[in-house]
Every structure is written in structure tokens, then in C-alpha cells.
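# Residue-level structure breakdown
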Amino acid sequence: MLIDGELQVAAGGGRFDVVHPATEKVVGQAADGTVGDMERAVGAARRAFDTTDWARDVEFRYHCLIQLADALERHKEQLRRIVVTEVGCPVSVSRSQVDEPIDEVRHWAEHGRAFEYVADNGVHDTPMGPALRKIFYEPAGVVGAITPWNVPFYLNIAETVPALMAGNTVVLKPAQLTPWSGSELGRIVAEETDIPAGVFNVVTSNANEVGAALSADPRVDMITFTGSTATGRAILAAAAATVKKTLLELGGKSAHIVLDDADLSASLPLAAMMACVMSGQSCILPSRILLPRKRYDEGLAILETSMANFPVGDPWTPGVMQGPQISQTQREKVFGLIQSGIDSGARVVTGGSVPENLPVGYYVQPTLLADVDPNSRVAQEEIFGPVLTVTPYDTEDEAVAIANNSIYGLSGEVSGADVDRALSVARRMRTGNVTVNGRSHFGIRSPFGGIKQSGLGRRNGDEGFKEYLESKTVGMPA
Ligand code: ADP
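Reading the values: the criteria
Along each chain, the written sequence defines residue order, and numbers are assigned to residues from 1. A pLDDT threshold of at least 70 governs which residues receive local features in this predicted model, and a stricter bar of 80 or more applies before side-chain atom pairs are shown or counted, although totals over entire chains, interfaces and linings include all residues. Side-chain calculation: all heavy atoms of the structure are included, whereas hydrogens and water are not. Accessible area is worked out with a 1.4 Å probe on protein chains only. A residue is then buried under 20% of its type maximum, exposed over 50%, and partly exposed in between. By the criteria applied, helices consist of DSSP H or I runs no shorter than four residues and strands consist of E runs no shorter than two, each listed in order from the N terminus. One bridge is not enough; two strands pair if DSSP finds at least two bridges between them. Classification remark: right-handed applies to a crossover when, strands pointing away from the viewer, the course from the first strand over the helix to the second runs clockwise. The term salt bridge refers to a pairing of a side-chain nitrogen on Lys or Arg with a carboxyl oxygen on Asp or Glu at a separation within 4 Å. Residue contacts are counted whenever heavy atoms from the two residues lie within 4.5 Å of one another. Angular values range over 0 to 180 degrees, each being the angle between N-to-C directions of two axes fitted as lines to C-alpha atoms, with helices fitted over their stretch in contact. We call a residue near a molecule or strand when any one of its heavy atoms sits within 4 Å of it. Surface accessibility follows the Shrake-Rupley procedure with a 1.4 Å probe radius. Residue values consider only the protein chains on display as shielding. Amino acids are sorted into nonpolar (Ala, Val, Leu, Ile, Met, Phe, Trp, Tyr, Cys and Pro), charged (Asp, Glu, Lys and Arg) and polar (every other residue, Gly among them). Either an automatic procedure or a domain database provided the assignment from which the domain bounds are taken. A 1.4 Å probe defines the accessible area here, and the buried area is the portion of it lost by two parts on being joined, summed over both. Under this definition, polar contacts are N or O atom pairs within 3.5 Å; protein pairs additionally need one hydrogen-donor-capable and one acceptor-capable atom, and for neighbouring residues in sequence, both atoms have to be side-chain atoms. Pairing of aromatic rings covers Phe, Tyr and Trp, the last through its six-membered ring, and needs centres within 6.5 Å; plane angles under 30 degrees mean stacked, over 60 mean edge-to-face, and all others mean tilted.

Burial analysis of strand 10 (residues 222-226) places 5 of its 5 residues in the buried class, which makes it a mostly covered element. By the bridge criterion, 4 bridges tie strand 7 (residues 142-146) to strand 10 in an arrangement that is parallel. Paired with Gly144 across the two strands is Ile223, which belongs to strand 10. Between the parallel pair strand 10 and strand 11 (residues 245-249), the chain is carried across by helix 8 (residues 229-240), and the sense of this crossover is right-handed.

Below is the structure:
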């Protein structure tokens with residue numbers, strides 16, 4: 001762990017196991033940080049924010065983050081080994097897990113350097129005479145960053161680097177299943193950058209109480225979190241006691257509305273691939289496919305072929321695009337939801353069990369469920385597995401209603417030959433993001449986030465940077 005500039009073990013020396021999901025074997029250990037360790041880390045971040053120039057010295061922050069990007073670049077292949085080992089993500093599709101986040105460090109360094117931290121708000125009439133107002137954008141303070149296990153290195157970067165560049169100090173609490181992506185980032189910060197002691201801290205732990213302690217600590221000004229909606233609610237409740245700012249990116253259950261004029265041979269193989277490449281462990285996955293009834297069988301046949309032939313296997317083998325689920329618990333959850341779908345009348349078109357040639361490792365066959373009732377659990381709960389549900393619809397209004405029949409509002413997709421019509425359907429989806437005809441909404445320069453129970457606030461884009469800043473309006477004699 002990294003606390004107050006020192007790489008250290010947990011108080012009392014506790015450790016917990018790290019398991020490789022493709023072999024089910026313990027491959028090493030991580031420090032099992034305690035609530036006391038978290039309290040020391042928060043204390044260090046508080047002191048660094050209150051007593052150093054970090055919050056005010058943009059050029060120094062830029063220097064440190066470019067140093068960090070260069071150091072991460074040097075260790076890229078080591079970081080890739082860590083991510084593939086912890087997550088079970090295939091090497092062949094690890095670009096978004098490893099390479100892109102390193103580029104994003106540079107992006108945030110440049111963005112934060114160019115950002116206008118002072119804006120002129122003009123002259124305003126007041127009873128005391130004309131007031132000149134200026135708006136100063138200042139860091140939120142101490143930011144607690146809590147990250148999940150599906151894209152751990154990427155999310156560790158996405159949650160902490162814009163916060164740092166905006167002038168905050170940070171305590172990172174990585175997920176239990178993926179501690180090394182966080183501890184290695186801490187090691188690189190400590191040993192290969194000039195980031196001052198206390199500015200960046202990493203506390204790994206096997207206990208949820210340690211994340212809970214971070215979100216409840218009165219010395220923390222803001223919590224940034226990515227993870228399940230259930231945990232998001234707990235964090236929001238804990239943050240309420242001290243009215244902390246929160247940035248929450250939570251679950252999703254996104255729909256893909258396939259319009260009757262869509263090119264199915266283009267959109268559906270892509271939809272199947274998206275469901276499988278991260279073993280379905282992605283919050284933005286459009287996992288509910290809505291097909292026009294008159295093209296239902298045609299669409300199912302294309303999806304079946306794509307999913308039945310998807311390259312599943314050992315994540316280290318080149319060409320493999322779907323690895324295992326991250327843990328046995330997650331795999332059981334996936335099978336439990338598939339079974340609930342069957343129990344509520346859904347039909348398994350392909351998949352539904354463990355691949356015969358992969359008895360070891362937490363693998364799940366790419367699974368296609370047809371005739372899914374939009375109100376059933378499998379259509380309402382986030383599965384986080386390589387599973388697509390398919391439901392037929394008759395009218396465009398009905399498709400939109402099914403898509404919006406969800407507690408979530410993260411993303412969605414529309415496919416159709418008439419782009420204007422597809423866009424008008426996209427506008428009716430109650431979500432924060434929509435992909436039209438496979439052209440992704442997701443990227444560092446575009447705001448990303450959810451509505452409804454998918455979250456609060458936005459990452460990425462200028463909006464994502466401003467989340468880590470507070471505006472201060474100052475009035476003075478004109
Ligand atoms: P999962 O249940 O799939 O592991 P979560 O959304 O629960 O995903 O976990 C994401 C992150 O939230 C992890 O780092 C985990 O340790 C942390 N966490 C879990 N429970 C809490 C809590 N009550 N307060 C703060 N953080 C928590």
C-alpha cells in the first residue's frame with residue numbers, strides 16, 4: 001500500500017489471496033489494509049491538501065502527471081500481466097484495460113494545464129454599487145476513490161488522475177478481487193514520480209468496512225465511485241452524514257433497439273461481440289436486445305451464430321476474446337439469473353452452461369435467451385455475464401417503453417438504416433448515453449454517466465474534469 005509517501009504492509013501484517021480466474025489458483029497476495037490504515041491515509045491526504053502547494057501549483061501537477069504517464073508507459077507490459085492475471089481479461093482485448101488509460105493520463109495532464117481556473121462573470125448592480133464578479137474553480141479537497149474489479153487499472157486512472165490534476169489529494173481503495181492494479185500504481189507513483197507524500201495514497205483491503213470508512217470520514221470532501229447500484233446507495237448514505245460531494249457511476253441494464261430497417265448482419269454480430277469481450281462484465285453493455293417481431297427469427301439466427309462461435313478460452317492465448325468470469329461467486333450469479341430467465345419462460349437459444357472444453361476457470365458459454373419477458377428478473381437485473389436477452393416488439397413506441405422499463409439509465413443503442421429516425425429513438429431513451437449504429441458514445445472527450453439509479457455526475461469531457469472542482473464566486477468593487 002502507499003500511505004503518506006511510504007510503501008507499506010497492512011497494520012498487523014494481514015494479507016489476502018489474489019486468484020487467477022482462468023486457473024482458479026492463488027497466484028499471490030495483497031496487503032489487507034485495516035480501518036486504521038485507511039484513517040492514516042485520509043489523514044495524510046488531508047494534511048497534503050491543507051499544507052502543501054499541490055492545490056495551487058498547476059505546472060508542478062502537470063510535471064508530475066507527465067512523469068507518471070512516462071513511468072506507466074515503461075511498465076506497460078507488467079501492468080498488462082497484472083490486469084490479465086487479476087481480471088482474466090484476454091490479452092487480445094486488453095487495449096482498453098491498459099494502453100488507453102495510460103494515454104488518458106497524458107490527456108488529463110494537458111486538459112488540466114489548459115483549463116481556465118478563473119472566469120470573468122462581469123459587473124453586476126448591487127445596493128452597495130457595481131460589483132465585479134470573478135469565478136474561481138478550485139479543487140474539491142480530499143477525494144476518496146473507490147473502484148471495482150471489471151476494468152481496475154482503467155478505473156483507478158479514470159477516478160484519480162483528473163482528481164489529482166484538478167488539485168485534489170486522493171485516497172484510492174481498489175476492489176478486493178483486483179488489488180494489484182492499485183498497489184502497482186501506488187508503487188510507481190512513490191518510486192518514479194515527484195508526487196509529494198500524502199497527495200496520492202492506495203489502501204488495499206479485503207474488507208468492505210475499509211471502503212465504508214473512507215466514504216464516512218469527515219475529513220474527506222468528495223467520493224468518486226464506480227460499482228454496483230447497491231454499493232452506490234450505501235456510499236451515498238454514508239456520504240450524506242457530512243454532505244460530501246459524490247460522483248457515482250453505477251449499474252446499467254441497457255437496451256438495444258433494433259429498428260425494422262436495420263442492417264442486422266452488421267449490427268447483431270457486433271452486439272454479440274460486445275456481450276462477450278469483457279465476459280459481459282461491463283456496465284454499459286446493451287444486454288437487452290429488442291427485435292421487431294417481423295424480423296425476430298432472422299435476428300435470433302444471426303445472434304446465435306455469432307455467440308456460438310465466439311472465441312472463449314485461456315486469456316493468455318492470442319485470438320481468444322472472451323476469458324472467464326472474475327470469480328466463482330460471479331459465475332454463480334450469472335447462472336442464477338439465466339435459470340431465473342428459464343423459469344419465467346425464456347428459451348435458451350445457445351449457451352447456458354460451462355464450456356465443455358474449459359472445466360477449470362470460471363468460464364460461462366456465451367448465452368442467448370429468447371422470448372424474454374421484459375418484467376422478469378433476467379430483463380431487470382444487471383447480469384454481468386456474456387448473456388444477451390431478446391424480446392420481440394411490434395411498434396416503435398412499444399420498443400421505447402420496454403427500453404425505458406428499468407431502474408437504470410446508463411446507456412443504450414439504436415440500430416436502423418435511417419439515421420435521423422434512429423436518432424429520434426435515441427432521444428427518447430431515458431439514459432445518459434446512446435450508441436447509434438455501432439458508433440460508440442464512449443470516449444475521454446465526451447461526458448459519460450447515468451441517470452435514474454445508474455449514477456450521479458459525469459466522467460470524461462470537460463464536465464468530467466469540472467466534477468473535481470468547486471466554483472467560488474468572488475464579488476469586489478468594480
Ligand atoms: P461487487 O459487489 O461486484 O464486488 P461493488 O460495487 O460492491 O462490486 O464493489 C465496488 C467497490 O466498492 C469495491 O472496491 C468494494 O470494496 C467497495 N465497497 C463495497 N462495499 C462498500 C461500502 N459499503 N462502502 C464503500 N465501499 C464499498
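There's more to say after this.
What follows is about the pattern of salt bridges. A side chain with one charge can pair with a side chain of the opposite charge if their charged atoms come near. Counting across every chain of the model gives 29 salt bridges. Between Asp394 and Arg293 there is a salt bridge; the shortest N-O distance is 2.9 Å. Taken as a pair, Asp394 in the loop between strand 16 (387-393) and helix 13 (396-403) and Arg293 in the loop between strand 13 (286-292) and helix 10 (296-308) lie far apart in primary sequence, 101 residues in all. Residue Arg293 is classed as partly exposed on the basis of its relative accessible area of 45%. Through salt bridges with shared partners, a single network forms among Asp70, Glu73, Lys76, Glu77, Arg80, Asp99 and Arg106.

Right, let's talk about the sheet that holds strand 18 (residues 412-415) for a bit. Consider a sheet: its strands pair through backbone hydrogen bonds, and that pairing is either parallel or antiparallel. Ordered in space as 14-15-16-13-12-18-19, the 7 strands form an open sheet in which the pairing is mixed. Across the chains shown, the open sheet's two edge strands, defined by having one partner strand only, are strand 14 (347-350) and strand 19 (435-436). Inspection of the sheet shows strand 18 paired to strand 19 by 2 bridges, in the parallel sense. Bridging across to strand 19, Val414 finds its partner in Val436. Contacting strand 12 (254-258), strand 13, strand 16 and strand 18, helix 9 (residues 264-276) runs over the sheet at an angle of about 165° to strand 12.

Another aspect to go through is the site of the ligand. Taken together, 17 residues form the shell around the ligand, and within it Thr147, Lys173, Gln176, Ser228 and Thr231 come nearest. For the ligand, whose free accessible area comes to 560 Å², the fraction covered by protein is 80%. By residue number, the principal contributor to the shell around the ligand is helix 7 (residues 208-216), which donates 4 residues. Across the shell around the ligand, the residue classes break down as 7 nonpolar, 9 polar and 1 charged.

We now examine the sheet that holds strand 22 (residues 469-477). Read from one edge of the open sheet, 3 strands run 5-6-22, paired in antiparallel fashion. Edge positions in the sheet fall to strand 5 (118-124) and strand 22, since each has one partner strand and no second. Here the average twist between neighbouring strands, direction ignored, is 25°. Sheet topology note: the strand 5/strand 6 (residues 131-139) ladder contains 5 bridges and is antiparallel. Residue pairing in the sheet places Val123 in a bridge with Leu132 of strand 6.

Considered domain by domain, the protein chain is made up of domain 1 (2-250 + 453-477) and domain 2 (255-443). Across the contact, 32 residues belong to domain 1 and 33 residues belong to domain 2. Where domain 1 abuts domain 2, roughly 2,400 Å² becomes buried across the two surfaces, and 61% of that area is made up of carbon and sulfur atoms. Among the residues of domain 1 in contact with domain 2, Glu24, Trp149 and Ser454 are the three that bury the most area, contributing 21% of the side total. The interface formed by domain 1 and domain 2 contains 0 salt bridges. One can count 11 residue pairs in polar contact (both at pLDDT 80 or more) joining domain 1 with domain 2. Secondary structure elements with two or more residues in the side of domain 1 that touches domain 2: strand 3 (15-20), helix 3 (76-87) and helix 8. Here the side of domain 1 that touches domain 2 takes 5 residues from helix 3, the largest share from any one element. For the side of domain 1 that touches domain 2, the class distribution of residues is 14 nonpolar, 12 polar and 6 charged.

Let us look at the packing of aromatic side chains. Throughout the structure, instances matching the rule amount to 8 aromatic pairs. Summarising the aromatic geometry, the rings of Trp149 and Phe384 are spaced 5.6 Å apart at their centres and angled 85° between planes, so their arrangement reads as edge-to-face. Of this pair, Trp149 sits in the loop between strand 7 and helix 5 (152-165) while Phe384 sits in the loop between helix 12 (377-380) and strand 16, and the two are 235 residues apart along the sequence. Comparing Trp149 with Phe384 shows no difference in burial state: the two are buried.

Bringing the environment of Ile338 into the picture now. The topology assignment puts Ile338 in helix 11 (residues 328-343). Counting along the chain gives 157 residues from Ile338 to Ser181, while the straight-line C-alpha distance between them is 31 Å. If we skip the residues at most four places from it in the chain, Ile338 touches Gly352, Thr367, Leu369 and Val387.

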